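Secondary and tertiary structure notes
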2 protein chains.
Amino acid sequence: MVLKFYKKELAVKMWKQAAEQIQPLSRSWLDRARTRLDNLTKPRGSLGSLEKMAERVVAIRQEEVPSLRKKEVLVFVGDHGVVSEGVSAYPQEVTALMVGNFLAGGAAINVLARCAGAEVSVIDIGMKEDLQKADGLIRRNVRRGTGNIAKGPAMMLDEAEKAINVGVEMAGEAYERGVSMIATGDMGIGNTTPSSALFSSLLPADVVDVTGRGTGIDEEGVKHKVRVIEEALKVNRASMKDPVSTLAALGGLEIAGICGLCLAGAARRMIVVVDGFISSAGALVAIRMNPVVKDYLFFSHQSSEKGHQTFFKKEGIRPVLDLDLRLGEGTGAALVMQLIEDSVKIYNEMATFEEAGIAPGA
Amino acid sequence: MVLKFYKKELAVKMWKQAAEQIQPLSRSWLDRARTRLDNLTKPRGSLGSLEKMAERVVAIRQEEVPSLRKKEVLVFVGDHGVVSEGVSAYPQEVTALMVGNFLAGGAAINVLARCAGAEVSVIDIGMKEDLQKADGLIRRNVRRGTGNIAKGPAMMLDEAEKAINVGVEMAGEAYERGVSMIATGDMGIGNTTPSSALFSSLLPADVVDVTGRGTGIDEEGVKHKVRVIEEALKVNRASMKDPVSTLAALGGLEIAGICGLCLAGAARRMIVVVDGFISSAGALVAIRMNPVVKDYLFFSHQSSEKGHQTFFKKEGIRPVLDLDLRLGEGTGAALVMQLIEDSVKIYNEMATFEEAGIAPGA
């Protein structure tokens, strides 16, 4: 309600307001959650990460009996000019083909979202192709693919801001629909390259430590990819002054959308489940804008993509799963949505020591 | 059908027949599963562990379209004479109180089994207390708690065999009810102590490397527990000649039940999801009886109990989750039941490249 300005104002700086709106987690709700968890019929803390998830959910939602009825995976789709440098195992056309697959319900994210009881929204935020037949596609194209970052900027500054705002808008619309838990998803052939570039610049880290095999290039391909990213960082150096200008320089549009989704999701006190490598790049941009956003982000898994580990180590984050996933689309996040929901059920449904007539132990 | 002998013959060696019945996974079904997984619309292997789980499920169930409709968590309950040595943070009475909680549906395993769509069966296999009012409790008590292993054997050899047979019988009954996926669960104050003793003897490993804090004893308590276990290993040395006699010497009854469940679950080609530290001890006894059983076991999580890591390292097993759980009851296994089901849905429901009109890439 407080956040109605999203609808009224379509200003370029809408994402800034979202970033400023994010509140630190309520200490009193955290304490309340901890007290209840410690009274449930189990040794204290014996449900490990599940308890920590429940604690955060309670503090985010600020409800006595938290409920996560409506869930949604938002898949942002963009293309990348840098694929012309030969950094990907798949041709660029696959982006559009996979969108068709998403809309037909046949992709991994469709299956795993069903498992989690979540809807899937597919957003064209920066596809090269203007799909004619694509029922259900949410059309918010900011530009038809990024520029080749090895030669210049991925996009203009105002395009980056517009793309972040698309994410903000999507979070707002989900909120209006009563969604309380959102997952970030991505599709875009070539998008590990801008993600690695962003990690290198924003963590910061050496390019080799954040660059991997993507969808399946070989060792030689990785070396080439490292050189391309180093070139991109050199070419764009002058324009990278802050998180937004860095994002504009290195791309991509789907990463910008994810950044906006994280910011506005947190501002509206939604549970934001972050998928893998690409989503973490978007989340990192959001964290650099306002570190408080971290309290609302649930990093779902450590991808097998080299560099993801570097991100988690540098940011002091422990992801929930480590299943060698490297698909994106929101697949890891969808799996963790289930675990978060399980943690909430533990919180709501377990008997307390008093109810069970047992004296609490250690 | 082949396995009807379970019903006919109640011989002490029934568990031996189960162990001998276990078949290695079918190579042709594994290949078939791999071929389909590689044809689904994702880069090869990009769903990591999920794909490996699906592969095994297909090879175990040997079905074109595998289905895991009925699921069940079997919680074996036993008491431990060794608690008189002061090795646990909770008094022995809690075993019976928690059984009441299980039957009332208020424990963590009840909640997480509901999340997984699984039934919970609670089996008194070795409780000290003979519960009068306990609707729904499955009564298969072999003896009223084990002996104090620091002073002598946990149980007689024929008692250990009977307890393993209870697990075999439970798997058989679940099979008859149409259950295709079972999870191992345990309850029994003090049961990390016999588990650590079994790990030390059967891996083998130094006692300190497999002994931890259980439900919450302090560092001094752990040192004492190590001494108690060393004493148990010394006192019982002469009688420990093979996996069964070792199990009889060190206990416990619920661990024996879990061992039998693993053997017979595998013999009947069920998916067997192994919970944490105590369940792994039972599974290890089964593995020492017939290593082929491993193909059917899905080790769900690495417990925060020290020593579990030693087990996984020595046995070359990678558990699915690492969430700092240390509750037992089958809670970690219930979480992983969901992930296994997700992996099966990926297998059954995703579109192939051909169906989606996409050329397979890397």
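As a reminder, the structure under discussion sits directly above these lines.
Residues numbered from 1 in each chain as written. Chains lettered and ligands numbered in written order. Predicted model: local features only at pLDDT ≥ 70, side-chain atom pairs only at ≥ 80, totals over all residues. Heavy atoms only, no water.

Some details on the overall build of chain A
A tally of helices and strands in chain A yields 15 helices and six strands. Relative to the globule expectation of 21 Å for 362 residues, the C-alpha radius of gyration of chain A, 20 Å, shows essentially globular dimensions. Overall, the C-alpha framework of chain A stretches about 70 × 45 × 40 Å when taken along its three principal axes. Looking at chain A residue by residue over its 362 residues, the buried ones come to 65%. Across chain A, every contact between residues at least 6 apart in sequence was considered, and the portion connecting residues at least 24 apart equals 75%. (Helix = DSSP H or I, 4+ residues; strand = E, 2+ residues; numbered from the N terminus. Rg over C-alpha atoms; globule rule 2.2 N^0.38 Å. Buried < 20%, exposed > 50% of the residue type's maximum accessible area, 1.4 Å probe, protein only. Contact = heavy atoms within 4.5 Å.)

Section: the sheet that holds strand β5 (residues 271–274) of chain A
Paired through backbone hydrogen bonds, the strands of a sheet run either parallel or antiparallel to each other. All names here are of chain A. Read across the open sheet, the six strands follow the order β3-β2-β1-β4-β5-β6; overall the sheet is parallel. At either end of the open sheet lies a strand with only one pairing partner, and these are β3 (138–139) and β6 (297–299). As judged from the eight bridges shared by strand β1 (residues 70–78) and strand β4 (residues 179–187), these two strands associate in the parallel manner. The residue of β4 that forms the bridge with V77 is M187. Contacts from helix α4 (residues 48–61) reach β4, β5 and β6 within the one sheet, and its direction differs from that of β6 by about 160°. (Pairing = 2+ DSSP bridges. Axes fitted to C-alpha atoms, helices over the stretch in contact; angles between N-to-C directions.)

Brief notes about the interface of chain A and chain B
Taken residue by residue, the interface counts 51 residues in chain A and 51 residues in chain B. Summed over both sides, the interface of chain A with chain B buries roughly 4,200 Å², with 62% coming from carbon and sulfur. Looking only at chain A, the three residues that lose the most surface to chain B are Y90, L323 and I358 of chain A, adding up to 13% of its buried area. A salt bridge links D322 of chain A to R318 of chain B; its shortest N-O distance comes to 3.6 Å. Our count for the chain A to chain B interface comes out at 18 residue pairs in polar contact (both at pLDDT 80 or more). Of all the secondary structure elements, the ones that give two or more residues to the side of chain A that touches chain B are α4, α5 (93–104), α6 (108–116), α14 (331–349) and α15 (353–356) of chain A. It is α14 of chain A that contributes the most residues to the side of chain A that touches chain B, eight residues altogether. Considered class by class, the residues forming the side of chain A that touches chain B number 28 nonpolar, 13 polar and ten charged. (Buried area = accessible area lost by both parts, 1.4 Å probe. Salt bridge = Lys/Arg side-chain N within 4 Å of Asp/Glu carboxyl O. Polar contact = N/O pair within 3.5 Å; in protein donor to acceptor, adjacent residues only side chain to side chain. Nonpolar A, V, L, I, M, F, W, Y, C, P; charged D, E, K, R; others polar.)

Focus on the side chain of E315 of chain A
Along the chain, the position of E315 of chain A falls in helix α13 (residues 308–315). When its relative accessible area of 12% is taken as the criterion, E315 of chain A is described as buried.

With respect to the sheet that holds strand β6 (residues 297–299) of chain B
All names here are of chain B. On the basis of which strands lie adjacent, the open sheet formed by six strands has the order β3-β2-β1-β4-β5-β6 and parallel pairing. Pairing within the sheet leaves two strands with one partner each, and these edge strands are β3 (138–139) and β6. In the sheet, strand β4 (residues 179–187) pairs with strand β5 (residues 271–274) via three bridges, with the strands oriented parallel. Note on β5: the bridge partner recorded for I182 is V272. Against the sheet, helix α11 (residues 253–267) touches β1 (70–78), β2 (118–126), β4, β5 and β6, its axis set at about 165° to β4.

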